[in-house]
Every structure is written in structure tokens, then in C-alpha cells.
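Survey of secondary and tertiary structure
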Amino acid sequence: MATRPHVARVLRGAEASASTAALSLTRSTRAFRPHRVMTSTTGSSTRRRIATPVALLSKIAPAAKTKPPKAPPAGTDADAAAFKAAGAILAVPTLPTLVAPDAVEEAFNVTHSGGWADPSAFARISDVQHFSNVVGTDCFALIALCALYVLADAAENARLDSATYQRLALALVLYGGSSTLGVALAVAAGVLDPSLTPSPSIAALVETTLAFAPAMASSASAMNKYGGGMAGAKERVAADLSTVTKLGDTSEKGGYLEYYYKLSFWASMIVGGAFAFSPLSPLAIVNEYTPSGQIVQRAFGLGAVFMLAPAQFVLLDACRRGRLGGGTFKKLNLAVAAAIAGIDAMTVYTFAAAQALSPDAAVLADASGRIYNYVGALAVSFSIFGVYLYQGIFARK
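Everything quoted here is computed from the prediction, not taken from an experiment.

**Here's the deal with the overall build of the protein**
In terms of regular secondary structure, the protein is built from 13 helices and 2 strands. With 397 residues in all, the protein has 41% of them scored as buried. Considering only contacts within the protein whose residues lie at least 6 apart along the sequence, 73% involve residues at least 24 apart. About 21,000 Å² of surface is accessible on the protein, with carbon and sulfur atoms providing 66% of the total.

**Here's the deal with the packing of helix α6 (residues 140-156) against helix α7 (residues 163-192)**
Two packed helices can be described by the angle between their axes and the distance between those axes. The geometry of α6 relative to α7 is characterised by a closest axis approach of 10 Å and an angle of 140 degrees between their N-to-C directions. In terms of their interaxial angle, α6 and α7 are classed as oblique. For the pair α6 and α7, the crossing hand works out as left-handed. Seen from α6, the contacting residues are Phe140, Ala141, Ala144, Ala147, Leu148, Val150, Leu151 and Ala154; seen from α7, they are Tyr165, Leu168, Ala169, Leu172 and Tyr175. Across the contact of α6 with α7, the residue classes break down as 13 nonpolar, no polar and no charged.

**Some details on the packing of aromatic side chains**
The full count for this structure, using the stated rule, is 11 aromatic pairs. Centre to centre, the rings of tyrosine 175 and phenylalanine 212 are 5.2 Å apart; their planes meet at 80 degrees, and the pair counts as edge-to-face. Placement of the pair is tyrosine 175 in helix α7 and phenylalanine 212 in helix α8 (residues 202-226), with a sequence separation of 37 residues. Across this residue pair, the class does not change: tyrosine 175 and phenylalanine 212 are buried. Ring geometry for phenylalanine 265 against phenylalanine 313: centres 6.3 Å apart, planes inclined by 65 degrees, an arrangement best described as edge-to-face.

Cut-offs and rules
Residues numbered from 1 in each chain as written. Predicted model: local features only at pLDDT ≥ 70, side-chain atom pairs only at ≥ 80, totals over all residues. Heavy atoms only, no water. Helix = DSSP H or I, 4+ residues; strand = E, 2+ residues; numbered from the N terminus. Buried < 20%, exposed > 50% of the residue type's maximum accessible area, 1.4 Å probe, protein only. Contact = heavy atoms within 4.5 Å. Areas by Shrake-Rupley, 256 points an atom, 1.4 Å probe, with all protein chains shown as cover. Axes fitted to C-alpha atoms, helices over the stretch in contact; angles between N-to-C directions. Parallel < 35°, antiparallel > 145°, perpendicular 65-115°, else oblique. Left-handed = near helix turned anticlockwise from the far one by under 90°. Nonpolar A, V, L, I, M, F, W, Y, C, P; charged D, E, K, R; others polar. Phe/Tyr/Trp six-rings, centres within 6.5 Å; stacked < 30°, edge-to-face > 60°.

Here it is in C-alpha cells:
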């Protein structure tokens, strides 16, 4: 039976539509599959693969972030060598002075006689006072030498950015700077007014500067490179003052021992400040108002305020953290104990030497402090010596 014309046209249209749909499906499938394209190069054919959309996306993905470079070590061999050299230079004049202060007394143009060997060898009561001031002041150099030693060790172990070592560095700058400035002012006073005699010699100023300059320079360098300079130092001082002024605020690890360290810190600040910033000494056989007499008297207070007290705060901070058993803090405890022992020995010795001279009331007219301050000072010093010595030997981490 013959197909009608219009039916045939419908069938042919359906077949064409089906073919078109199949061709479109095939092309859309191939679009998401890699396929090969033929290119001709100098008569030969090469094939290259077209990447899939996933591969293209992976190529434009951001690269992984690189880690920032590590911070440089907080201390170098050069820093350690500088601290060691500074310690050696400071030790040259200070250690012999503990035994024989005559050379320093001569440079500062104060009278001297007698010594450790024979307390009866002192000719004048003022000589006893000069001996007492010079030896007592020199004891604080033991703490400075210990600070330089532990700073050298910290430099070798890249720990100079620690607050502990930054505090010690600042103390050395202040101790050396204040001592040098004090001698310079005493020399200047004598130069400007020759009637103010005696005054320290120029040699005294030069020797003081040479002794302290390397310690100050190496410490200032460590502060600038690893501690944020003076701005960082001011922030630490503000935070430290906030800690030490809260006497009753003790940590769980610090307890009563932390309370004792706070009290000993303030004792050094108050007593040292009285020696350093008052023309009248709180404990003196004779008060002298000449440039030389004033500087050898006030230098003791400068050492107490700017070297002893900062070292005591370092130990206070270690106590709060339960770190007194660390090597740095045991050494500092022993250094403070040694300095206090030297001061106590000098105090007892010069008291006996003064008594051997049998001074009358006229000679002692300018004395200050009397027996009450003497006994009180020794009682406080003995307790500090005992506690610091014990912690230097037996403290545990």
C-alpha cells in the first residue's frame, strides 16, 4: 500500500530531528573529554592534548603561601666576645680595689692610711671613712661582673631577647653611666671652683670611663638589637614597677619568698637613694662636703640603686615564675650574697678601726646614723646575705 505524500514528509522530518539530536549529544560529550588536534610542522604531523576544564582550573589556582623567614638569633659570638672583654676590662681595676683601695683613694685625692691587714694602722678617722666608702662601693662591681658573665652566656645561646637579660643590660648601662657622670661632675666642680678641694683628678675620670665604657657599649648594643632600644626598656620598667609596687600580690610559685625579694628590693632602693641623692649620709663616721668626699660617699648609693636593686628584681621575677633554680639566677643570687658579705665585713671592720682611734665628741660631730642605724643596717644585710646565699646554693627548678 502506497504511503501518502504528507505522511512521508512527517517521517523524514522525524528522522532528521533524531539525527540532529544525536549529533549534538556527541559533540557536547566530546567537549568535556580531551581530544587530539592535528597540526602540521615541516611536513610531519604532531599531536597535542587539549586540557580539560578541571586541569585548566588547577593551573590558575593560587600558589601555596611561603613561610616568613626565621628571625635572626638573639645573640652572636661577637656579642658574647664583647661581653667577655667588657668583664675582663672591668675586673682589672675593681677586683684589686677590694683588697687594696689605696690607688683609687689617691686618684680621688682623699687621705688614706691603714688597710685590711691592721685596723690600728689608720691615722685619722676620715681615713677609715674613705676606706669604708671605696671598698663598699667596689663590692657592687661583683654583681656587674656576674651580669656580664651571664649576658655572654645568653649571647652564645641566642637568648639576649629575654626580659631577664634585657633588664641586666639596662642595669649595666645605668650603673656605669651614673658612676661615670658622678665622677665627671665632681671633677668639674673642682675645676670651676678651685676652692672646693679636694676634688677627683682627671686620671680618676679617665680610669672610671675606661672601666665602664665597654660594659655600657655592649649592653646598649644588646638592648638596641634584641630589646627594642630605649622604648622597649621604658615599657619593661613600667611593667616591672607595677609588679614590685604591689607588695601583697604574690604568685602561687613565689609565695613568701617573693614577698621577701620585694622587700629587699625596696630596702636597696631606699637606703641606696639616701646615700646617692642626699649630701648627708644615712650612716657615716664623718660627713665631708668636698667634691671628692661627696662622690666616694654617693657612689655607694649609685651602686645600690642601679646595680643591686635591678639584680634583685631579676631574682624577684624568677621567683614569681619558679625559676630560681636556673643557672643564671643561682649565679646572681651568689653574686648578691658576695657583695653583701663584702659590705658587711667592711662595716664591721671599719667600726673596729674607728673605735681603735678613740675619737672624741668633737671628731664625731659630723657623724650621722649613730648606733641605731649601724645595728639596723647590719641586721638587714645579714638576713639578705643568708637568704640569697641559700637560694644560690640550694634553689631548684
